[in-house]
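A closer look at the structure
Each chain is listed here by its residues.
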Amino acid sequence: KQEVTQIPAALSVPEGENLVLNCSFTDSAIYNLQWFRQDPGKGLTSLLLIQSSQREQTSGRLNASLDKSSGRSTLYIAASQPGDSATYLCAVCSGSEKLVFGKGTKLTVNP
Amino acid sequence: NAGVTQTPKFRILKIGQSMTLQCAQDMNHNYMYWYRQDPGMGLKLIYYSVGAGITDKGEVPNGYNVSRSTTEDFPLRLELAAPSQTSVYFCASSFPQGRGRVFSTEAFFGQGTRLTVV
């Protein structure tokens, strides 16, 4: 059974800092890995999708890496801003196209 | 450019009542999912569908039913509401493609339905 773990559960940083969010998964036989952002009381917004054959994806100040063999992914956020404050969720797609989610990292960027 | 639309956004039910959560997508995605999100517990899969007429159970299906008569719609039915079903419910869709479905597109989520059972 695929299990996804996100560390840390919560993170508070000053504005402008670069930061890394971690995601690990137990079964390396995945189709893809997706990072989402969730604002309080809102739905999930897709940030980055990494296919199993890819090593990383970039979008603006966000960079996500994937090391399938070790079961790890990181989300790097450069020059963090208060507007980046949200919960970040990692989800792995494997077997029957089902997404398995981690519990998320709640990020607070302080002005 | 609607994407995935869920209705209602909020609902309060009494124990034992029933209701249907609606989900519709306009992206011609063949895969659709229902998740529930509880505080500190992440998202758990309730049911999913790989196409019209095909549904299957996820991790936490008890107390729920689904149907998929069209590609666009995937309603979730609660027959006898219980306090344990108080949660936020999310519908999602995706469109797997490529040889052997190895390459799949990203999943898109609705804005959620916040359900309280009292």
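Provided above is the structure to which this section pertains.
Residues numbered from 1 in each chain as written. Chains lettered and ligands numbered in written order. Predicted model: local features only at pLDDT ≥ 70, side-chain atom pairs only at ≥ 80, totals over all residues. Heavy atoms only, no water.

1. Describing the overall build of chain B
The test is simple: Note on conventions: DSSP H or I runs of at least 4 residues are helices, E runs of at least 2 residues are strands, and numbering of each starts at the N terminus. Summary of the burial criterion: residues with accessible area below 20% of their type's maximum are buried, those above 50% are exposed, and those between are partly exposed, where the area comes from a 1.4 Å probe applied to protein chains only. Contact definition: two residues touch when any of their heavy atoms are within 4.5 Å. Residue burial considers only the protein chains on display, and all accessible areas are found by Shrake-Rupley using a 1.4 Å probe. When charges are counted, neither His nor the chain ends are considered; positive counts come from Lys and Arg and negative counts from Asp and Glu. Charge positions are represented by NZ for Lys, CZ for Arg, CG for Asp and CD for Glu.
From N to C terminus, chain B includes 0 helices and 13 strands. Listed N to C, the secondary structure of chain B is β-β-β-β-β-β-β-β-β-β-β-β-β in terms of helices and strands. Relative to its 118 residues, chain B shows a buried fraction of 43%. Pairs at least 24 residues apart make up 55% of the contacts formed inside chain B by residues separated by at least 6 positions. Of the roughly 5,800 Å² of accessible surface on chain B, 53% is carried by carbon and sulfur atoms. On chain B, the mean spot of the 11 positive side-chain charges and the mean spot of the 8 negative ones are 5 Å from each other.

2. As for the environment of A:Thr45
Residue and element names in this part refer to chain A. On the secondary structure map, Thr-45 appears in strand β5 (residues 44–51). Residue classification places Thr-45 among the partly exposed residues on the basis of a relative accessible area of 44%. Separated by 44 residues in sequence, Thr-45 and Lys-1 place their C-alpha atoms 26 Å apart.

3. Details of the pairing of strand β3 (residues 19–25) of chain A
Residues and elements named next belong to chain A. This is how it is decided: Strands are treated as partners if at least two bridges between them are detected by DSSP.
Here β3 shows a clear split, with Leu-19, Leu-21, Cys-23 and Phe-25 buried on one side and none of Val-20, Asn-22 and Ser-24 buried on the other. Looking at chain direction, strand β1 (residues 4–7) and β3 are connected through 4 bridges and run antiparallel. Bridge pairing links Ile-7 to Asn-22 in β3. Here 6 bridges tie β3 to strand β8 (residues 72–77), and the two strands are oriented antiparallel to one another.

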